[in-house]
Amino acid sequence: MNASSKPKLSFGEYLPKIVVAPTFVATLIFIYGFMLWNAWLSFSSSRMLPKYDWVGLKQYERLFANDRWWVAAENLLIFGVLFIVTCLVIGLFLAIFLDQKVRAEGAIRTIYLYPMALSFIVTGTAWKWILNPELGIQRMFREMGWESFSFDWLVNSDMAIYTVVIAGVWQSSGFVMALCLAGLRGVDENIVKAARVDGASMPAIYRRIIIPGLGPVFFSALIVLTHIAIKSFDLIVALTGGGPGYATDVPATFMYTYAFTRGQIGVGSAASMMMLMAVVAIIVPYLYSELREKKQ
Amino acid sequence: MSLNRILIYGVLTLAAMFYLLPLLVMVITSLKDLEEIRNGTMLTLPQSLNFTAWDKAWSTACTGVSCEGLKGYFWNSVLIVVPAVLVSTILGALNGYVLTKWRFRGSNLFFGLLLIGTMIPFQVILLPMARTLGFLGIAGTTWGLILVHIIYGLAFTTLFFRNYYISVPSELVNAARIDGAGFWMIFYRIILPISTPILVVSIIWQFTQIWNDFLFGVVYSSGDYQPITVALNNLVNTSTGVKEYNVDMAAAIIAALPTLFVYIVAGKYFVRGLTAGAVKG
């Protein structure tokens, strides 16, 4: 090797690192650095403007003493559980029905999945109109002769959160269907055939063999849906605006309101840290199981 | 047809109606005038095809204080989406290439750090980013939003390309290296020509995400620089006089058209992006 080729070689060695450097630096600063920065804000006395002092857990105490925060947390729990379970059930059943060698499968699949391409703002706007008691579904049934029909969930503080579930399921269940269908297509046909030969009925085969085999698919779907639920913000803004009152507030809308419209940066950042903790509580077991699988 | 088949098609058709109904109601409503809306139900068909509401939504409807329709905001979104999608996809492709074919010590750690970036709730970076955009002097501008979308899209695009390139045989790259081909040459001659499917997946994913984004749009843009989702929300919530549901619906369809179009033309790739995002690592 001659001397002149040496610097070239070492440049070549560094080149890949130079190429990923912008992303690396951006990740360190804009994800991890910002998380720390945000954590600091949550321990400071910041209100309208950020202040970089230290007041310990004061902002968290204020957050936990705030009724509105607990309404938001409870709403996330109600919405999250119902949204996830309904999406999983609908998605699984639609996938099973679609997997029966039906005609026009491609077209049907396209119809089930198109809401996923829409913005939650569009979804919220559309459902706000459909669920509007004066002009939407309620009006339609009454015009058809069912005078006493009542469906006013959108403007009823106790029920409004369920309208968010309806719209959310409408948007995201097709995605679970797509995942489950891919999973069903991966099931070994020979096992199914063998079970049939042994005299097992199709429902029994689904219950005992196929659905348990979809475990990993459910797991991925669960992670994605949980993630959508915790981050849900646009749908609530467009559908209910967090109302009536703050009856449909969730942590994401709470955080936005306090941090950006009420000048309560400290409380807002504390709320976002709580959201981060919730996500971490889900990701850590997920990553752990993924890594364990890889080792095996 | 057996009873079973009838049941299957019955359920599938009912479900299809559930998914199609909101779109149908939107289209029907957007083609009516207010008189027809007040007198009929949401499924009564319009008496004639009336595009007045569409025209108003596009050019004269009020979104807050200004009354110039959605057209300006539609172009804002285009101006944000095009550079943000291109830059994040190109960088993602290069990152994926390095992370699979030019590994270095710590490259796996880097990928792990990046992966976690796809999972954090963005609320946790909203406040620091708002300050940073202020320092940089691009708060509230198109440039600010482009930058934000590039940064937080990188984790996804890198993930797509990394998972795609990992199945490209390394022997191919090693053989080319022995023949004296360098980093860029291998990328252009070997990697890029086989990347079309994943390029499409990445572009569609980023396009849909950025076009549909509301959170960054509402926090980091103001006035004339707002993207279409924010403008749509303002339009729907602007309460001056009579509520014009037909205009609201026309506006919602206008905001949805680009992503719907992409989905219908390239649905296969859209689904692939969704599932690639689901099965991480």
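Just so you know, these numbers come straight off a predicted model, no measurement behind them. (Residues numbered from 1 in each chain as written. Chains lettered and ligands numbered in written order. Predicted model: local features only at pLDDT ≥ 70, side-chain atom pairs only at ≥ 80, totals over all residues.)

To continue, consider the overall build of chain A. If you tally the helices and strands in chain A, you get 13 helices and zero strands. When its helices and strands are written in sequence order, chain A yields α-α-α-α-α-α-α-α-α-α-α-α-α. Dimensions along the principal axes, computed over C-alpha positions, put chain A at roughly 75 × 65 × 30 Å. Taken across its 296 residues, chain A has 41% of its residues classed as buried. (Helix = DSSP H or I, 4+ residues; strand = E, 2+ residues; numbered from the N terminus. Buried ≥ 20, exposed ≤ 12 C-beta atoms within 10 Å, placed from the backbone.)

Scanning chain B from terminus to terminus reveals 13 helices and zero strands. Sequence-ordered secondary structure for chain B, helices as α and strands as β, is α-α-α-α-α-α-α-α-α-α-α-α-α. Seen along its three principal axes, the alpha-carbon backbone of chain B occupies a region of about 75 × 65 × 30 Å. Of the contacts made within chain B by residues no fewer than 6 positions apart, 75% connect residues no fewer than 24 positions apart. (Contact = placed C-beta atoms within 7 Å.)

With that settled, consider helix 9 (residues 183-191) of chain B. All names here are of chain B. Ile186, Phe187 and Ile191 are the residues of helix 9 that are buried. For helix 9, the arc enclosing every buried residue in end-on projection is 100 degrees, short of the 170-degree limit, so these residues lie on one face. Residues Trp184, Tyr188 and Arg189 are exposed on helix 9 and point more than 90 degrees away from its buried face. Where the residues of helix 9 are buried, they touch helix 4 (71-101), helix 7 (142-165) and helix 8 (170-178). (Arc of directions from axis to C-beta.)

UniProt's feature table lists "domain: ABC transmembrane type-1" (unreviewed entry) at residues 73-288 of chain A, given in the numbering used throughout. Across residues 73-288 of chain A, the secondary structure splits into 74% helix and 0% strand, with the terminal C-alpha atoms separated by 26 Å. (UniProt positions renumbered as here; feature names shortened; annotations may be inferred.)

Residues and elements named next belong to chain B. Under the UniProt annotation, "transmembrane region" (unreviewed entry) lies at residues 7-28, 73-97, 109-130, 142-165, 186-207 and 249-271. Counted over residues 186-207, helix gives 82% and strand 0%. Its end C-alpha atoms are 28 Å apart. When the span residues 249-271 is considered, its composition is 100% helix and 0% strand, and the gap between its end C-alpha atoms is 27 Å.

What follows concerns the confidence of the model for chain B. Residues and elements named next belong to chain B. For chain B, per-residue confidence averages 88 on the pLDDT scale, and 96% of positions sit at 70 or higher. The spread of mean pLDDT over the elements of chain B runs between helix 2 (residues 34-39), the lowest at 80, and helix 4, the highest at 94. Listed scores for the predicted complex are pTM 0.89 and ipTM 0.89. (pLDDT = per-residue confidence, 0-100.)

All names here are of chain A. Look at the UniProt record and you will see "transmembrane region" (unreviewed entry) annotated at residues 20-40, 76-98, 110-130, 159-184, 205-230 and 265-288. With 71% helix and 0% strand, residues 110-130 has its two end C-alpha atoms placed 22 Å apart. The annotated region residues 265-288 carries 100% helix and 0% strand content, and the separation between its end C-alpha atoms amounts to 34 Å.

Residues and elements named next belong to chain A. At lysine 101, a position not held by glycine, the phi torsion is positive, near 50 degrees. Mapped onto the elements of the fold, lysine 101 is located in the loop between helix 3 (67-98) and helix 4 (105-113). Looking at lysine 101, the number of C-beta atoms within 10 Å reads 8, which means it is exposed.

All right, on to the nonpolar core then. Of all hydrophobic cores here, the largest spans 167 residues; its most connected members are Cys180 and Ala271 of chain A together with Leu70, Leu232, Ala251 and Ala252 of chain B. In terms of domain composition, this core takes at least three residues from each of domain 1 (3-50) and domain 2 (71-278) of chain B. If we skip the residues at most four places from it in the chain, cysteine 180 of chain A touches Gly91, Leu92, Ala95, Leu214 and Val217 of chain A. (Core = buried A, V, L, I, M, F, W, Y, C linked by C-beta atoms within 7 Å. Domains from an automatic or database assignment.)

Moving on to the confidence of the model for chain A. Residues and elements named next belong to chain A. The predicted model of chain A averages 86 in pLDDT, with 95% of residues at 70 or higher. Confidence, read as mean pLDDT per element, is least for helix 6 (residues 137-143) in chain A (79) and greatest for helix 3 (94). Considering only residues more than four positions removed or in separate chains, one finds that residues 1-8, a stretch of pLDDT under 50, has zero contacts.

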